[in-house]
Structure formats: C-alpha cells, structure tokens
Amino acid sequence: MLFDSHAHLNDPQFADDLPETIRRAEENGVKKIAVVGFDEESSRNAVALARQYDAVYAIVGLHPHDAEGFGDGAEAALATWAREEKVVAIGEIGLDYYRDLSPRIVQQIAFRRQLNLAQEMDMPVSIHCRDAMEDLVQILQREKQGRYQGVFHCYSGSYEQALPLLEMGFYLSIAGPVTFPNAKKLPRIVSEAPLERLLIETDSPYLAPQTHRGKRNEPAYVRFVAEEIAKLRGISFEKVAEATYVNACHLFRIPPERR
C-alpha cells in the first residue's frame, strides 16, 4: 500500500480526468492521497475533494508565494476547514526565497501565524522551504511552544541540514527528483535518514519521476519514488511502501488499513 503525502489534485490540470486519475492511483496500490492547498481557493477545493473521494484527505494553508493574501479572513477560513474530519494538516506553509513572489517579511509573518494556528488546532504542518532553511529553522525554534509535528515536503536540502529537522521530530518527504540521474543530495538522505522518518509524494502535477519526466505527474507515479528509495537503501519495495504508508498515517493521525 502507498500513501501519496502531497499532491495537488486541486490543480486545473486535473479538471478533465480527475476520477480516472484517482482510479489509476488505486490500481497502482495508492490507498491514500493528501491533496494540499496553497491559497484559499485551492484549500477549499482540497476539502471538497476529501468529501467526495474516500482515498483523499485534505491539507489547507497558504503557500509563501501567496503570503500577501494571508489575513484574519484567511486564518478564520483555515480554522473552519481544519475542524473537518478529513482535514489532516495545515500546509503548505513556509518560506521561498528562490522566487520571492511575496516579500520575505510577509512570508515570515504568514508562516508564523499558520504555525501558531496549527498549534492551536493541534495539527501537524506541511512545510515548503526553498533557499530559506536558516531563517525557517530559526522561526521553528523560536516559535514552538512544544514539539512540532510535521513534514518538510519535497525535501531538497542537504543531509547536514536535515539533521536538526529530524532532531525536532519532522518527517522528510521524498518526491520525483530522487529518480533523476543528476540527483546529488537526495541519495545520501534516503540512504542514511531513518526509514521511520521518510514519507513519499508526487507533488502532482509537478516533478514527474524520470520515467515520465516532462509530462504531467500524478499519484500513480509515487510508486517510482518508493522503488528508487528501495534501490538506494538495498531493501524491498514492499518494505519502503509499508513504512512510508504507516509513517504518513501516523503523522496525519489516520488509522492505517492493513492488507
């Protein structure tokens, strides 16, 4: 069984064939899919998909690119959605200094407020970080009142940068780039990080694995990520699939189904 821990089936690219996309995922062993919001509209759509499809769970939040849209109204909407049974985390939230589509101080304020919301709602977080690890870790260390639960989605940092995240109790989610021939940092991370701290994802429709590179990604392809992790760790695909499935269910507080 597989758990795609981060997908954007709320993206317009899936508008014409969403039922078929979910069916293909199920045919490839994907039992659960976390559909992630990045602004208010996509978060609302994620919740709607979770209501409609048994396999889908929702994560709601504002991406750092959309941080300027975060205010009291957005926070109230997220809090309302977060009370629904199949909403399992706040995200994707964080910092992105690579594109800087929102001013950095605005990103930091929105990130802190959503972290605090997650604490108030007793929910984990799904974190986006690009070229901002130092500031992001400082915020986590400064803001936390307890021990955060959460995942760094599509982790792309170094092994050394991962160590304090693992120490704080975070999971690292691995996506399609681990299959790329030019992947440099990810092979060490998936080989040496504890298996009980790894999740897998597609980040659909983005970051398709090497076998489908340049095409639309979809949850069915998360198996290629698991296969590459198994190869790098020298263990079976089944062991990686089971471990990452259980890890995601534990993080998102979903009772795991058994075979």
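One can find the structure itself at the top, above this paragraph.
Below, the structure is looked at part by part. Since we're looking at a predicted model, the values are computed, not measured.

The rules behind each value
Residues numbered from 1 in each chain as written. Predicted model: local features only at pLDDT ≥ 70, side-chain atom pairs only at ≥ 80, totals over all residues. Heavy atoms only, no water. Disulfide = S-S within 2.5 Å. Buried < 20%, exposed > 50% of the residue type's maximum accessible area, 1.4 Å probe, protein only. Pairing = 2+ DSSP bridges. Helix = DSSP H or I, 4+ residues; strand = E, 2+ residues; numbered from the N terminus. Axes fitted to C-alpha atoms, helices over the stretch in contact; angles between N-to-C directions. Contact = heavy atoms within 4.5 Å. Polar contact = N/O pair within 3.5 Å; in protein donor to acceptor, adjacent residues only side chain to side chain.

1. Notes on the state of the cysteines
Then, in step 1: Evaluation of the coordinates by the stated rule reveals zero disulfides.
Then, in step 2: You can see Cys 154 has no disulfide; the closest cysteine sulfur is in Cys 129, sitting 11 Å from it.
Then, in step 3: By relative accessible area, Cys 154 is classed as buried at 17%.

2. Side note on the sheet that holds strand E3 (residues 56–60)
Then, in step 1: Here eight strands make up an open sheet; going across it, the order is E1-E2-E3-E4-E5-E6-E7-E8 and the pairing parallel. Of all strands in the sheet, those with a lone pairing partner are strand E1 (2–7) and strand E8 (198–200), marking the two edges. The sheet shows a mean angle of 30 degrees between the axes of neighbouring strands, taken without regard to direction.
Then, in step 2: Note that strand E6 (residues 150–152) and strand E7 (residues 171–174) share two bridges and pair parallel. From the neighbouring strand, Val 151 faces E7, where its bridge partner is Tyr 171.
Then, in step 3: Strands in contact with helix H4 (residues 104–121) are strand E4 (87–96) and strand E5 (125–130); relative to E4, the strand with the most contacts, it is inclined by about 160 degrees.

3. Some remarks on the side chain of Ser 173
Then, in step 1: Tracing the backbone through its elements, the reader meets Ser 173 in strand E7.
Then, in step 2: The exposure class assigned to Ser 173 is buried, which follows from its relative accessible area of 0%.
Then, in step 3: In terms of polar contacts, Ser 173 uses its side chain to reach the side chain of Ser 5, at 3.2 Å.
Then, in step 4: Ignoring anything within four residues of it in the chain, the contact list for Ser 173 reads Ser 5, Val 151, Phe 152, His 153, Cys 154, Tyr 155, Leu 199, Ile 200 and Glu 201.

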